[in-house]
Amino acid sequence: MLRIRNLEAGYGRLRVLKNISMHVNPGEIVTIIGANGAGKTTLLSTIAGLIRATSGEISFQNQEITRLAASRIPRQGCVMVPEGRQVFASMTVEENLLLGGHSLGRAGRKELPALLDHQYGLFPILRDRRSQLAGTLSGGEQQMLAMARALMSRPSLVMMDEPSTGLAPLIVRDIFQVIVRLRQEGNTVLLVEQNAKAALAIADRGYVLETGKVILQGSAEDLLANKDVQRAYLGRE
Ligand code: ATP
């Protein structure tokens, strides 16, 4: 579904991503873990077209998207749920969701009620709060809204940037359960997380990023059992 070859990107003269190669298969949850500043957000932003790759190639569903404008990538079916949620605070929950369905265009308008209903099924709290201004939601509810809004465009791949940031453990559990349900429904998820333990617990495979390089990759099971990963990212119990 997504294939990245020898990707390099950064900010001005600062080179952040160094020779990154990775892939995501349909129906997988793949996680990218790594410490603060490892380049995880930069990687997602480069896939999303918000940062230009300086070299390498990104292809999505067998089509090269490396140089596509950021506005065109969601229409190809690749959407990002940014870190810090970024919902439209002065719009209601439902208005935010309808905006998410906007990229379906005129032909997709008929599908909006069913899509809304589907998101409300995944996130029942959003149905209760459909008329509430998004800016007044709790952090966890805003994260759910950001995810639901992305799903409104019926993407083939959902990229999530640190959905657990700043949330209480019980809410994190709920969010991760929804991600598992998304996979059960046939979705594909690329999950960037600092919370390596929670991410590897639900992922199929993972990549460990350190100072802009992939230093390890493998099945989630193997990474959880890896001594270096345990020492650096999982903490000792
Ligand atoms: P975090 O978990 O803290 O978000 P991260 O793994 O997502 O970390 P990035 O945000 O991708 O890491 O940052 C990678 C490097 O790029 C860091 O050294 C950071 O300081 C730098 N960086 C990030 N954004 C910018 C920017 N807009 N301009 C210049 N440098 C940046």
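What you are looking at is a predicted structure, and each value in this text was computed from that prediction instead of being measured.

> Where do I start with the packing of helix α6 (residues 139-151) against helix α7 (residues 169-184) in this structure?
What describes two packed helices is the angle between their axes and the distance between those same axes. The contact between α6 and α7 brings their axes to 10 Å, and the two run at 15 degrees. Our classification of the angle between α6 and α7 gives roughly parallel. As for the relative orientation of α6 and α7, their crossing is right-handed in sense. In contact with Gly140, Gln143, Met144, Met147 and Leu151 of α6, α7 contributes Ile171, Asp174, Ile175, Val178, Ile179 and Leu182. The class makeup of the residues in the contact of α6 with α7 is eight nonpolar, two polar and one charged.

> I tried to follow α7 on my own but got confused; where do I start?
Helical periodicity: at 3.6 residues per turn, an α-helix aligns residues three or four positions apart in one direction. In this model α7 runs 23 Å from its N-terminal to its C-terminal C-alpha over 16 residues, within 8% of the 22 Å that 1.5 Å per residue would give. If you check which residues of α7 are buried, you get Val172, Ile175, Phe176, Val178, Ile179 and Leu182. Around the axis of α7, the buried residues are gathered within 150 degrees of arc, so they sit on the same side. Across α7 from its buried face, at more than 90 degrees, point the exposed residues Pro169, Leu170 and Gln184. Backbone geometry just downstream of α7 places Gly186 in the positive-phi region, at approximately 95 degrees.

> Looking at this structure, how should I read the sheet that holds strand β7 (residues 157-161)?
Read from one edge of the open sheet, six strands run β6-β7-β8-β3-β9-β10, paired in mixed fashion. Every interior strand has two partners, whereas the edge strands, β6 (78-81) and β10 (213-219), have only one. Across the sheet, the mean angle separating the axes of adjacent strands is 15 degrees when strand polarity is ignored. Relative to β10, strand β9 (residues 205-210) runs antiparallel, the two sharing six bridges. Residue pairing in the sheet places Arg205 in a bridge with Ser219 of β10. Sitting on the sheet, α7 is in contact with β3 (29-33), β7 and β8 (188-193), with an inclination near 155 degrees to β8. Each of β3, β9 and β10 touches helix α10 (residues 227-234); the most contacted strand, β9, lies at about 65 degrees to it.

> Any chance you could explain the domain arrangement of the protein here in plain terms?
Splitting the protein by domain gives domain 1 (1-77 + 155-234) and domain 2 (84-154). On a C-alpha basis, the centroid separation for the pair domain 1 and domain 2 is 23 Å. Taken together, the contacts link 16 residues of domain 1 with 15 residues of domain 2. The contact between domain 1 and domain 2 buries some 1200 Å² in all, and 71% of this surface belongs to carbon and sulfur atoms. For domain 1, the biggest contributors to the area lost against domain 2 are Pro155, Ile175 and Val178; these three give 36% of the whole. Here domain 1 is connected to domain 2 by zero salt bridges. The tally of links from domain 1 across to domain 2 stands at one residue pair in polar contact (both at pLDDT 80 or more). Those elements giving two or more residues to the side of domain 1 that touches domain 2 turn out to be β7 and α7.

About the criteria used
- Position numbers for residues count from 1 along each chain, tracking the sequence in the order it is written.
- Given that this is a predicted model, residues contribute local features only at a pLDDT of at least 70 and side-chain atom pairs are listed and counted only at 80 or more, while totals for whole chains, interfaces and linings are drawn from all residues.
- With hydrogens and water stripped out, all remaining heavy atoms of the structure feed into the side-chain values.
- For every element, the axis is a line fit to its C-alpha atoms; helices are fit only across the contacting stretch, and the angle between N-to-C directions ranges from 0 to 180 degrees.
- Numbered from the N terminus, helices here are DSSP runs of H or I no shorter than four residues, and strands are runs of E no shorter than two.
- Roughly parallel here means an angle under 35 degrees, roughly antiparallel means over 145, roughly perpendicular means 65 to 115, and every remaining angle is called oblique.
- Each crossing gets its handedness from the near helix: less than a right angle anticlockwise from the far helix is left-handed, clockwise is right-handed.
- Any two residues having at least one pair of non-hydrogen atoms within 4.5 Å are treated as being in contact.
- When residues are grouped by polarity, Ala, Val, Leu, Ile, Met, Phe, Trp, Tyr, Cys and Pro land in nonpolar, Asp, Glu, Lys and Arg in charged, and all others, Gly among them, in polar.
- Take the residue count of a helix, subtract one, and multiply by 1.5 Å to get its expected span.
- Between buried and exposed lies partly exposed: a residue is buried under 20% and exposed over 50% of the maximum accessible area for its type, with that area taken using a 1.4 Å probe on protein chains only.
- Note: the arc covers the axis-to-C-beta directions of the helix.
- In this analysis, strands are considered paired if DSSP registers two or more bridges between them.
- Residue ranges labeled as domains rest on an automatic or database domain assignment.
- By definition, the buried area sums, over both parts, the 1.4 Å-probe accessible area that each loses when the two are put together.
- Between Lys or Arg on one side and Asp or Glu on the other, a salt bridge is scored when a side-chain nitrogen of the former is within 4 Å of a carboxyl oxygen of the latter.
- Identification of polar contacts relies on pairs of N or O atoms within 3.5 Å, with a donor-acceptor requirement for protein atoms, meaning one able to donate a hydrogen and the other able to accept it, and with residues adjacent in sequence counted only if both atoms are side-chain atoms.

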